[in-house]
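Here are the chains, one letter per residue:
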Amino acid sequence: MISDPSDAAIDQIVASCNGDLRGALKALLLVNEHLEAELQQFYAAIAQDSATRGKFLH
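Model, not experiment: these values are computed from the prediction.

Draft legend 1. Structural view of the overall build of the chain. In terms of helices and strands, the chain carries two helices and zero strands. Within the span of the chain, comprising 58 residues, buried residues form 3% of the whole. Counting only carbon and sulfur atoms, one obtains 61% of the accessible surface of the chain, whose full area is about 5,300 Å².

Now the structure itself:
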C-alpha cells in the first residue's frame, strides 16, 4: 500500500505514460514550463495593475 501522496501521484503519472519514465519526465517538464509561463503572465498583470493604480493615486 502506498502511504505517501507524492508516491501515488508519481505512480499515476508514470502509468499514464505506459511506464515510460523518460516520457513521464518530459510531460512534467512541459507542464512545468506551461505553469511558469502562466505565472509570468500573472506577475505581469499585477505589475500592470499596480502601475495603473499608482498613476491614479499620485
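Picking up where we left off.
Draft legend 2. Geometry of the packing of aromatic side chains. This structure, assessed with the given rule, holds one aromatic pair. Ring geometry for Phe42 versus Tyr43: centroids 6.2 Å apart, planes at 45°, classification tilted. The class of Tyr43 is partly exposed, set by a relative accessible area of 47%.

Criteria and cut-off values
Residues numbered from 1 in each chain as written. Predicted model: local features only at pLDDT ≥ 70, side-chain atom pairs only at ≥ 80, totals over all residues. Heavy atoms only, no water. Helix = DSSP H or I, 4+ residues; strand = E, 2+ residues; numbered from the N terminus. Buried < 20%, exposed > 50% of the residue type's maximum accessible area, 1.4 Å probe, protein only. Areas by Shrake-Rupley, 256 points an atom, 1.4 Å probe, with all protein chains shown as cover. Phe/Tyr/Trp six-rings, centres within 6.5 Å; stacked < 30°, edge-to-face > 60°.

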